[in-house]
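# Close look at the chain arrangement
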Amino acid sequence: RHFLVTLNEIVIGFVIGTSLGLAIGVSLAVWPAAKRLTYPFVVGFQATPKIVFAPLFIAWFGFGQTSKIVMAVVIAFFPVLINTMVGLESVPSEARKLMRSFRATPLQIFYKVSFLHALPIIVAGVQAAFTFAVIGAIVGEFVGAQEGLGYLLNLYNFQLRIDRAFAVIVILASVGAAGFFLLEWADRRFIFWREDRSH
């Protein structure tokens, strides 16, 4: 039961955080004025230790799963945001000029050149986001929870049941590794145009 609770928080937080990071990253890369206006605030928010937000999320959203999902979202979205921006901004200008010479629309240039060029970099951020979502869910459960693997870990540490605490740690490591390698498999399977496949 506790495993399913934490897994639900991780997956939902990861999906929402990835979606937000992708949407905001695309927006800031496409509209430089928006980047100049908001990027310093985004970086400042990221530089703030996320543990300080956990009590606030508990107060706002309660001790249920919602506060843990929000915590996972907050931690997970930034690597996707950064990688999306870096990937889209690294597209060679010659490729865009070539598409314009073929009378491609801005949307066609974005999808057929910019987004596909940036996708391997974006996926790297998505892989990091999953492991961060695991951290976010557990941090939220550490601060205040009545169920979940983080709750169990706190309980076993308090009871000095080190064997059971290590068992929970192994489960969490397995979840994080499984998600990371699943995304890596999807990367190698579907992003077949990646130039560097040595890793």
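This write-up is about the structure you can find in this document. (Residues numbered from 1 in each chain as written. Predicted model: local features only at pLDDT ≥ 70, side-chain atom pairs only at ≥ 80, totals over all residues. Heavy atoms only, no water.)

## Details of the packing of helix H3 (residues 54-61) against helix H4 (residues 65-89)
The criterion, for reference: To obtain an axis, a line is fitted to C-alpha atoms, over the contacting stretch when the element is a helix, and the angle between two such axes runs from 0 to 180 degrees between their N-to-C directions. Going along the chain from the N terminus, every DSSP run of H or I of four or more residues is numbered as a helix, and every run of E of two or more is numbered as a strand. When an angle is under 35 degrees it counts as roughly parallel; over 145 it counts as roughly antiparallel; between 65 and 115 it counts as roughly perpendicular; any other value is oblique. By the definition used in this description, the sense in which the near helix is turned from the far one sets the handedness, with an anticlockwise turn below a right angle giving left-handed and a clockwise turn giving right-handed. In what follows, a contact means two residues having at least one pair of non-hydrogen atoms within 4.5 Å. Under the scheme applied here, ten amino acids are nonpolar (Ala, Val, Leu, Ile, Met, Phe, Trp, Tyr, Cys and Pro), four are charged (Asp, Glu, Lys and Arg), and all others, including Gly, are polar.
For the pair H3 and H4, interaxial distance at closest approach is 8 Å and the crossing angle is 140°. Looking at the two axes, H3 sits oblique to H4. In this structure, H3 meets H4 at a crossing whose hand is right-handed. Contacts between H3 and H4 pair Ala 54, Phe 57, Ile 58 and Phe 61 from the former with Thr 66, Ser 67, Lys 68, Val 70, Met 71 and Val 74 from the latter. When the residues that make up the contact of H3 with H4 are grouped by side-chain class, the tally is seven nonpolar, two polar and one charged.

## As for the packing of aromatic side chains
Where we set the bar: Classification of ring pairs uses Phe, Tyr and Trp, with its six-membered ring standing for Trp, and accepts pairs whose centres are within 6.5 Å; under 30 degrees between planes counts as stacked, over 60 as edge-to-face, and the remaining range as tilted. Only protein chains enter the accessibility calculation, which uses a 1.4 Å probe; a residue whose area is less than 20% of its type maximum is buried, one above 50% is exposed, and one in between is partly exposed.
Enumeration over the complete set of coordinates arrives at five aromatic pairs. Judged by centre distance (5.7 Å) and plane angle (85°), the ring pair of Phe 180 and Phe 181 falls under edge-to-face. Given a relative accessible area of 29%, Phe 180 falls into the partly exposed group. An aromatic cluster is built from Phe 57, Trp 60 and Phe 61, whose rings are joined through pairwise contacts.

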